[in-house]
Amino acid sequence: GTGTQAETVPEYTNSLTNWTYPNSPGAVGAIRQADNVNYCLQVNASLDDEVFGASCVGDSAEEWTNVYNSAYGATMFESVYNSGLCLKVLDASGGGSALQAAPCGGNSSSTPWEELWRTK
């Protein structure tokens, strides 16, 4: 919901939401709910860098840079608001998982898979 920490849900869940995002390497933009919904993923620095959903307002807290990770062939989204932090799934073991901005793993074999994003 709006103003709460964002979570992922398992694939094929009835309540899936589609998102648009900066989709080319180096592009900067909001990760925004599709279908003309004014809802963006934002970093909340006052809450341990939780990522939450809120109305899009055009500030740097909702801006992300698409960083292509060639070692994994996937994208990492780095926060414009707090550079060096990337969009990460917390505890991905079963069910939905919360999103947080956490230190980026970089373009190396040590990058945790929880920071890598790709489409199917």
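First, a word on what this report is: a plain description of the structure on this page. (Residues numbered from 1 in each chain as written. Predicted model: local features only at pLDDT ≥ 70, side-chain atom pairs only at ≥ 80, totals over all residues. Heavy atoms only, no water.)

**Here we look at the overall build of the protein chain**
Here's step 1: Along the backbone of the protein chain there are zero helices and 10 strands.
Here's step 2: What you see in the protein chain, going N to C, is helices and strands ordered as β-β-β-β-β-β-β-β-β-β.
Here's step 3: Per-residue burial for the protein chain yields a buried fraction of 36% across its 120 residues.
Here's step 4: Surface accessibility of the protein chain: about 6700 Å² in total, with carbon and sulfur atoms responsible for 49%. (Helix = DSSP H or I, 4+ residues; strand = E, 2+ residues; numbered from the N terminus. Buried < 20%, exposed > 50% of the residue type's maximum accessible area, 1.4 Å probe, protein only. Areas by Shrake-Rupley, 256 points an atom, 1.4 Å probe, with all protein chains shown as cover.)

**Points about the nonpolar core**
Inside soluble globular proteins, nonpolar side chains tend to come together where they are buried.
Here's step 1: Ile-31, Leu-41, Val-43, Val-51, Trp-64, Phe-77, Leu-85, Leu-87, Val-89, Leu-99 and Ala-101 form the largest nonpolar core, which has 11 residues in total.
Here's step 2: Counting only elements with at least two residues in this core, the list comes to β5 (39-44), β9 (85-89) and β10 (97-103). (Core = buried A, V, L, I, M, F, W, Y, C linked by side-chain atoms within 4.5 Å.)

**A short note on the state of the cysteines**
Here's step 1: For the structure on display, the rule yields two disulfides.
Here's step 2: A sulfur-sulfur distance of 2.0 Å marks the disulfide that ties Cys-40 to Cys-56. Taking the torsion about the sulfur-sulfur bond, which here is approximately 100 degrees, the covalent link between Cys-40 and Cys-56 counts as right-handed. Placement of the pair is Cys-40 in strand β5 and Cys-56 in the loop between β6 (50-55) and β7 (63-69), with a sequence separation of 16 residues.
Here's step 3: Of the residues examined, Cys-40 reaches a relative accessible area of 0% and is grouped as buried.
Here's step 4: Overall, Cys-56 belongs to the buried group, its relative accessible area being 12%.
Here's step 5: With a sulfur-sulfur separation of 2.0 Å, Cys-86 is cross-linked through a disulfide to Cys-104. Disulfide Cys-86-Cys-104: the torsion about the S-S bond is 95 degrees, which places it as right-handed. Of this pair, Cys-86 sits in strand β9 while Cys-104 sits in the segment after β10, placing them 18 residues apart in sequence.
Here's step 6: For Cys-86, a relative accessible area of 1% translates into the label buried.
Here's step 7: By relative accessible area, which is 26% here, Cys-104 ends up partly exposed.
Here's step 8: Along the protein chain, the cysteines that take part in disulfide bonds pair up as 1-2, 3-4, counted in sequence order. (Disulfide = S-S within 2.5 Å.)

The analysis is restricted to geometry; functional conclusions fall outside its scope.
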